[in-house]
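Per-entry structural report
Okay, here's what each chain looks like letter by letter:
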Amino acid sequence: ALFDELVSRGCGSTLSHLALRRIRVAAHISPRLLDPNDLGTWFPSLTHLSFQDEPRTPICAAPSPAFRPSSSLRVLELHGRWPKHDLNLVRMLEGNVETSDGGQAALGKLKVVGLSPTNADVKELSAACRRHAIVFELVCKF
């Protein structure tokens, strides 16, 4: 309903920053979790996207085959427990996945908040970012 309202007000094509935080999907409203690949279709001008999901109440389903951002996305921020297999980020970073609008991926920064530097997923994401000249920022919460 929130996305429908934003699009109906003309925000869909102009929205550039979006943070999804503490949204609880009610079963009677939507029987399925949000597919993050739909965001690129709804908001084609999105340059900054922040997922601030909680493990106990997820809002997003794992995309198949991987997260496909729009070609306008420059910064992706993940809070909480977002292991690489949730969004298949390594596959996306390796360029094996077409963007949602068929363009060339132009992600410039991946920010991960809340995971440990020793986490295996963090190490793999960091290495993939280095290989593709993408800034990787890790913020640990104590």
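Each remark here, short or long, concerns the structure printed above.
Residues numbered from 1 in each chain as written. Predicted model: local features only at pLDDT ≥ 70, side-chain atom pairs only at ≥ 80, totals over all residues. Heavy atoms only, no water.

A word on the pattern of salt bridges
Counting across every chain of the model gives 1 salt bridge. Lys109 is paired through a salt bridge with Glu137; the nearest N and O atoms lie 2.7 Å apart. Of this pair, Lys109 sits in strand E4 (residues 109-113) while Glu137 is found in strand E5 (residues 135-139), placing the two residues 28 residues apart along the sequence. Judged by its relative accessible area of 26%, Lys109 falls in the partly exposed class. With a relative accessible area of 27%, Glu137 lands in the partly exposed category. (Salt bridge = Lys/Arg side-chain N within 4 Å of Asp/Glu carboxyl O. Helix = DSSP H or I, 4+ residues; strand = E, 2+ residues; numbered from the N terminus. Buried < 20%, exposed > 50% of the residue type's maximum accessible area, 1.4 Å probe, protein only.)

Remarks on helix H5 (residues 120-131)
Counted at 1.5 Å a residue, the expected span for H5 with its 12 residues is 16 Å, and the 17 Å between its end C-alpha atoms agrees. Those residues of H5 lying buried are Asp121, Val122, Leu125, Ser126, Ala127, Ala128 and Cys129. The N-capping residue of H5, defined by a side-chain oxygen 2.7 Å from the backbone nitrogen of Asp121, is Asn119. A positive phi of about 55 degrees marks Ala133, the residue just after H5. (Expected span 1.5 Å × (residues − 1). Polar contact = N/O pair within 3.5 Å; in protein donor to acceptor, adjacent residues only side chain to side chain.)

Notes on the side chain of Ser70
Among the secondary structure elements, Ser70 is positioned in the loop between strand E2 (48-52) and strand E3 (75-79). Classification of Ser70 as buried rests on a relative accessible area of 4%. A polar side-chain atom of Ser70 sits 2.9 Å from a polar atom in the side chain of Ser72. With near-sequence residues (within four places) excluded, Ser70 lies in contact with Gly40, Pro44, Leu46, Thr99, Ser100 and Asp101. (Contact = heavy atoms within 4.5 Å.)

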